[in-house]
Amino acid sequence: MKRLFLCLFLIQAIFLEAQTKVSGTVVDEAGSPVAFANVLFKNTTEGTTTNEDGRFYLESDENYSVLSVSFVGYTQSEITLKQRVTYNLRVVLLEGEQLDEVVVYVGKQSKKNNPAIDILKKIWANKQVNGLRKFRKYEYDKYEKIEFDLNTIDSALMKSRMFKGLEFVFADLDTSRITGKTYLPLFLNETFSQVYGDNELDLEKEEVRGSKNSGFSNNQAIIGFVDDLYSDYNIYDNYIKLVDKSFTSPLSRTGINTYNYVLADSAFIDNKWCYHIIYYPRRKNELTFKGDFWVNDSTYAVKKIDLEVTKSANINWVKEIYIQQEFEVVNDSVFLLKRDYLMSDFSFSKKEKSKGVYGKRTTVYDNYEFDKPRTQEFYKKVSDPFDPAIFQRDSVFWENRRLESLNKDEQGIYQLLDTLKTVPKFKTYYNLVSILGSGYVEIDEWNLDIGDIYSTFGFNDAEGIRLRGGARTYFDQNDPWRLEGYLAYGFDDKKFKHGFSAKWLLDRKSRLIISGGNRRDIEQLGINLTATTDVLGRSVASSAVFTVGNNNRLTNINLSTIALEAEPLTNFRVRFGGSLRTLSSALPEAFSLDYVDPGSAGGIASEVKQFDLITTLIYTPGKRTIGYGVERRDINENYSTLLLNYTQGLDGFLESDFNYEKIQFSYTQPWQLGGFGRLLSTVEVGKTFGALPLGLLNVVPGNQTLFSIYNTFPNLDFYEFVTDTYVSAHFEHNFNGRLFSRIPLLRKLNLREIVGLRGVWGELSDENIALNAPTNIPLIAPDEQIYWEYSLGVGNIFKIFRIDFNFRGNYLDAPDARPFSVTGTFGFNF
């Protein structure tokens, strides 16, 4: 009897683990790799295409014994698989006639008389009436799973000093069904939500019912990165945005100029006759995919699609990106998204054996309901997404709500990471990554963060070498209050400086926050049109080690603020506060802030004391954040910002010197232009009513540093132009390598072209000129004509460096005018 049970157990185990894995390279008779060849398990629709190097990996939960490889101009090859797992297979295709119609055509395909393109045009015509758009109202359940894994685990890595003492983590390794590489899970996040929508009212809301993190749930830097990485996308859109880049969709109306399409086969899928279309890029080094899709012959709705980013795509730190979407047949005319899977392989190198980290997102949709009566008020009423109960769901909740079960690796990740967090060596690695990402050293025992470490060292003409240290309270990422401060010392002026701020979230729903603080420091105020009221904010120009010319137009500032802020509507903030500031020159002999003051000794004053009431309205449509504490973290950049600022200066109150009004408006908008890259634009206008000293006027932001700083003029010195009325515009466009990818000698360098254009017009009243007559710098406004500059830049040099060549358009006869400058910046960009 025991033997019988043992045999039954072994048989069950064999069938449960039934799986076929095969990887290899397809080459021709000369040994050259064959790109975009078709590789399938014989007599199935399960397959893939080879990459540019002829490599492939294919995996199935079923047992298959024959692999079919085909390619136009070659004899179809069938390889018998002698075992369930076969790696590093070498397939040689021989020239000859095709024995099967299921092939992948290579080279440029004709746009005329191409049945695949005829089908593509019908997809365009029907995309607006497919799926959820066919119903007035809809609702469904949504389950999302995000996972990060360390990949390409080999014996050398396991035995390395880095993992000494951590060998237990390699006890259960699995292989990716996409790449065939071994991986070790590091992070898992699960979210269950319900989505409700109304196509007639164009309304949709998503109610999160449960959320669960493993491993790094309290780390602000890692959580922010995970949420920023995976934005929503639609395969029917012209462009799919991934890791801050716009990839041309194979279903795009511009796709026929980007991809080759081939009608390869047709077959029944879920009792629906579907066409099989394979696509691959016409050119290298562009942001494109390769893959295939199945489309229904009557509705022209996509049933299944695979997208894999081409290896030559101009993208950094990512070796592979793979997307698979499956659609469910509801009835004869409705196909709805059932499962969406995305996998990215992050690596320093695109070499085949390089190690990296998988980022995976699996989203499953189910329980669709249509045309269920819902009022407009229902869509406007949103539950609290930060209700603590959402993050504390028990195992019973997840067993009932998971629309896709966790596999054995995912089931063990919670326990594995709980164990890892108790291992000192792992905690050291974890803390190092956290410090580099956030800039702060976490001291959990004191609920304190030390930093920002990136602001420790600085230099300017007034202070000489400057050292700074700071700290902030930090219990977790959702703290309802926060204290933060710093202390700095200048070795030339031998003076200490400080800054301190406090903020408290009074009401979470309305985001009602009270804040205040004080700062005594030396600041370069000539780098912003709008005066800062951030008591801890300090521009890079204030401490730049290397500058063009003398950075001696610096100001001693003593700033105290108090403010009340609320967010009555999503992404619409209202802030009302008061500020008291005292301004004086840090180097009076080089830079004077003197102004006419009959009440002062000699009729001239060198210090300004000013109290202002400030009302600010900020609208950021499309902005996404995480957290519900007093500080939240932005997780996207592609949103516009509209800012309206009104300042009322009061004289006499707290010994304030001037009575005036100032109104300022700015509008910043990023534009995703698909395959043509990304444009960033900013327009600013402002007007000051009343006579003011130089320290309170609007200075056109110059830039004497060697860094490329957006919204500044790199060929202007600080305080070269001063205004009380101004209009300014900045435009910067990054082509993301679209032009360089067409130049053979530059193509492999993956460089990116950046162009910029900026201009400003302003004027300064005679009253203001007269008031500031004692100052020792010329007061000039760009009122004769619009001052303008342009720049030509090259980015992605060695993946981390950008250089800009800046040219001055006019006012070249001004004293010490700089007609040309070179600036640059470092950064890690995809």
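Residues numbered from 1 in each chain as written. Predicted model: local features only at pLDDT ≥ 70, side-chain atom pairs only at ≥ 80, totals over all residues. Heavy atoms only, no water.

In terms of regular secondary structure, the protein is built from 10 helices and 44 strands. For 830 residues, the compact-globule estimate of 2.2 N^0.38 gives 28 Å, and the protein sits close to it at 31 Å. Summarising its shape, the C-alpha atoms of the protein cover approximately 105 × 60 × 60 Å along the three principal directions. Counting across all 830 residues of the protein, residues that qualify as buried make up 50%. Contacts in the protein between residues far apart in sequence, at least 24 positions, make up 63% of those at least 6 positions apart. Here the protein contributes 95 positively and 107 negatively charged side chains, and the mean placements of these two sets differ by 5 Å. (Helix = DSSP H or I, 4+ residues; strand = E, 2+ residues; numbered from the N terminus. Rg over C-alpha atoms; globule rule 2.2 N^0.38 Å. Buried < 20%, exposed > 50% of the residue type's maximum accessible area, 1.4 Å probe, protein only. Contact = heavy atoms within 4.5 Å. Lys, Arg positive; Asp, Glu negative; His and termini not counted. Charge placed at Lys NZ, Arg CZ, Asp CG, Glu CD.)

The next point concerns the environment of threonine 48. Structurally, threonine 48 is set in strand S3 (residues 47–49). Here the alpha-carbon distance between threonine 48 and aspartate 297, two residues 249 residues apart in the chain, equals 22 Å. For threonine 48, the contacting residues outside a window of four places in its chain are Ala37, Asn38, Val39, Phe56, Tyr57 and Leu58.

Now for the pattern of salt bridges. Within the structure shown, the criterion is met by 35 salt bridges. Here glutamate 567 and arginine 632 are joined by a salt bridge, their closest N and O atoms 2.6 Å apart. Taken together, the residues glutamate 567 in strand S28 (residues 555–569) and arginine 632 in the loop between strand S33 (625–626) and strand S34 (633–634) connect sequence positions 65 residues apart. A relative accessible area of 10% places glutamate 567 in the buried class. Here glutamate 720 and arginine 808 are joined by a salt bridge, their closest N and O atoms 2.8 Å apart. (Salt bridge = Lys/Arg side-chain N within 4 Å of Asp/Glu carboxyl O.)

An α-helix turns once every 3.6 residues. As a result, residues three or four positions apart point the same way. Counted at 1.5 Å a residue, the expected span for helix H8 (residues 424–438) with its 15 residues is 21 Å, and the 21 Å between its end C-alpha atoms agrees. Within H8, the full set of buried residues consists of Phe426, Ser434, Ile435 and Ser438. Of the residues one or two after H8, glycine 439 is the one with positive phi, at around 85°. (Expected span 1.5 Å × (residues − 1).)

Predicted confidence across the protein gives a mean pLDDT of 84, with 90% of residues reaching 70 or more. Under a pLDDT of 50 for its full length, residues 1–18 has, in the predicted model, six contacts with residues more than four places off or in other chains. Residue range residues 97–106 is modelled with pLDDT below 50. Its contacts to residues more than four positions away, or to other chains, number 38 contacts. (pLDDT = per-residue confidence, 0-100.)

What follows covers the sheet that holds strand S6 (residues 77–80). Overall, antiparallel pairing links the four strands, which are arranged S3-S2-S5-S6 in an open sheet. One side of each edge strand has no neighbouring strand; the edge strands of this open sheet are S3 and S6. Each strand of the sheet is rotated relative to its neighbour by a mean of 20°, with strand direction disregarded. (Pairing = 2+ DSSP bridges. Axes fitted to C-alpha atoms, helices over the stretch in contact; angles between N-to-C directions.)

Right, let's get into the packing of aromatic side chains. On inspection of all chains with the given rule, the structure shows 32 aromatic pairs. Both rings, one in tyrosine 140 and one in tyrosine 368, keep their centres 5.2 Å apart while their planes meet at 40°; by these two values the pair is tilted. One end of the pair, tyrosine 140, is in strand S8 (residues 137–151); the other, tyrosine 368, is in strand S20 (residues 356–370), with 228 residues separating them in the sequence. Classification of tyrosine 368 as buried rests on a relative accessible area of 18%. (Phe/Tyr/Trp six-rings, centres within 6.5 Å; stacked < 30°, edge-to-face > 60°.)

For the rest of this paragraph, the subject is the nonpolar core. Judged by nonpolar contacts, the single largest core of 49 residues is most densely connected at Ile123, Ile235, Leu242, Leu251, Tyr261, Phe289 and Phe293. Within the second largest apolar cluster, 26 residues are counted, among which are Ile527, Leu692, Leu771 and Ala781. (Core = buried A, V, L, I, M, F, W, Y, C linked by side-chain atoms within 4.5 Å.)

Along a regular strand, successive side chains alternate from one face of the sheet to the other. The sheet contact formed by S8 and S20 spans 13 bridges and is antiparallel. Residue lysine 145 lies in a different strand from S20, and its bridge partner there is threonine 362. Alignment of strand S19 (residues 334–347) against S20, held across nine bridges, turns out to be antiparallel. The residue bridging arginine 339 from the neighbouring strand is valine 364, located in S20.

Counted residue by residue, strand S1 (residues 20–27) has eight buried out of eight residues, so it is predominantly covered. A two-sided burial pattern is seen for S1, the buried positions comprising Thr20, Val22, Gly24 and Val26 on one face and Lys21, Ser23, Thr25 and Val27 on the other. Summarising the sheet, S1 and strand S4 (residues 55–60) pair through six bridges and their orientation is antiparallel. In the strand pairing of S4, lysine 21 is matched with glutamate 59. As paired elements, S1 and strand S7 (residues 85–92) share six bridges and run parallel to each other. For glycine 24, the partnering residue across the bridge sits in S7 and is leucine 89.

The next thing to look at is the side chain of asparagine 796. Summarising the element assignment, asparagine 796 is placed in strand S42 (residues 787–797). The class of asparagine 796 is buried, set by a relative accessible area of 10%. In contact with asparagine 796, other than residues within four places in its own chain, are Asn314, Asn316, Leu749, Asn750, Leu751, Arg752 and Phe801.

A cluster of like negative charges, contributed by Glu763, Asp783, Glu784 and Asp813, occupies part of the molecular surface. Here glutamate 763 is to be found in strand S41 (residues 752–763). (Patch = residues over 30% accessible without salt bridge, like charges linked within 9 Å, V, L, I, M, F, W, Y side chains within 5 Å. Areas by Shrake-Rupley, 256 points an atom, 1.4 Å probe, with all protein chains shown as cover.)

The next subject is unusual backbone geometry. Going from glycine 451 to aspartate 452, the amide bond is cis rather than trans, its omega being 5°. With respect to the helices and strands, the residue aspartate 452 is situated in the loop between strand S22 (448–451) and strand S23 (457–460). Even without glycine at this site, asparagine 750 takes up a positive phi of about 55°. Within the secondary structure, asparagine 750 is located in the loop between helix H9 (744–747) and S41. Positive phi is not limited to glycine here, since aspartate 816 has a value of about 60°. Note on placement: aspartate 816 falls in the loop between strand S43 (801–808) and strand S44 (820–826). Taking the relative accessible area as the measure of exposure, aspartate 816 reaches 68% and is therefore exposed.

Quick look at the sheet that holds S4 now. With mixed pairing, the three strands of this open sheet are ordered in space as S4-S1-S7. Each having just a single partner strand, S4 and S7 make up the two edges of the open sheet. Within this sheet the neighbouring strands show an average axis-to-axis angle of 20°, counted without direction.

Take helix H2 (residues 115–126) next. With 12 residues, H2 should cover 16 Å at 1.5 Å per step; its first-to-last C-alpha distance of 17 Å lies within 8% of that length. In this fold, the buried residues of H2 make contact with strand S14 (259–269), strand S15 (272–281) and strand S16 (289–296). Two or three places before alanine 116, at the opening of H2, asparagine 114 has a side-chain oxygen 2.9 Å from that residue's backbone nitrogen. (Polar contact = N/O pair within 3.5 Å; in protein donor to acceptor, adjacent residues only side chain to side chain.)

To continue, consider the environment of glycine 690. Mapped onto the secondary structure, glycine 690 falls in the loop between strand S37 (678–689) and strand S38 (698–699). Sequence spacing of glycine 690 and asparagine 659 is 31 residues, and the spatial spacing of their C-alpha atoms is 7.3 Å.

This part takes up the environment of tyrosine 239. Secondary-structure assignment places tyrosine 239 in strand S12 (residues 239–242). Residue tyrosine 239 is classed as partly exposed on the basis of its relative accessible area, which comes to 27%. Each C-alpha atom of the pair tyrosine 239 and threonine 254 lies 9.3 Å from the other, and the pair is 15 residues apart in sequence. Sequence-distant contacts of tyrosine 239, defined by excluding residues within four places in its chain, comprise Ser246, Phe247, Thr248, Ser249, Thr254, Gly674 and Gly675.

The next subject is a nonpolar patch on the surface. Taken together, the side chains of Phe475, Trp481, Leu483, Phe500, Trp504, Leu506, Ile514, Ile562 and Leu564 present a nonpolar region at the surface, about 850 Å² in accessible area. Secondary-structure elements contributing two or more residues to the nonpolar patch are strand S25 (481–490), strand S26 (495–507) and S28. Sort the elements by how many residues they give to the nonpolar patch and S26 lands first, with three residues. When its relative accessible area of 48% is taken as the criterion, tryptophan 504 is described as partly exposed.

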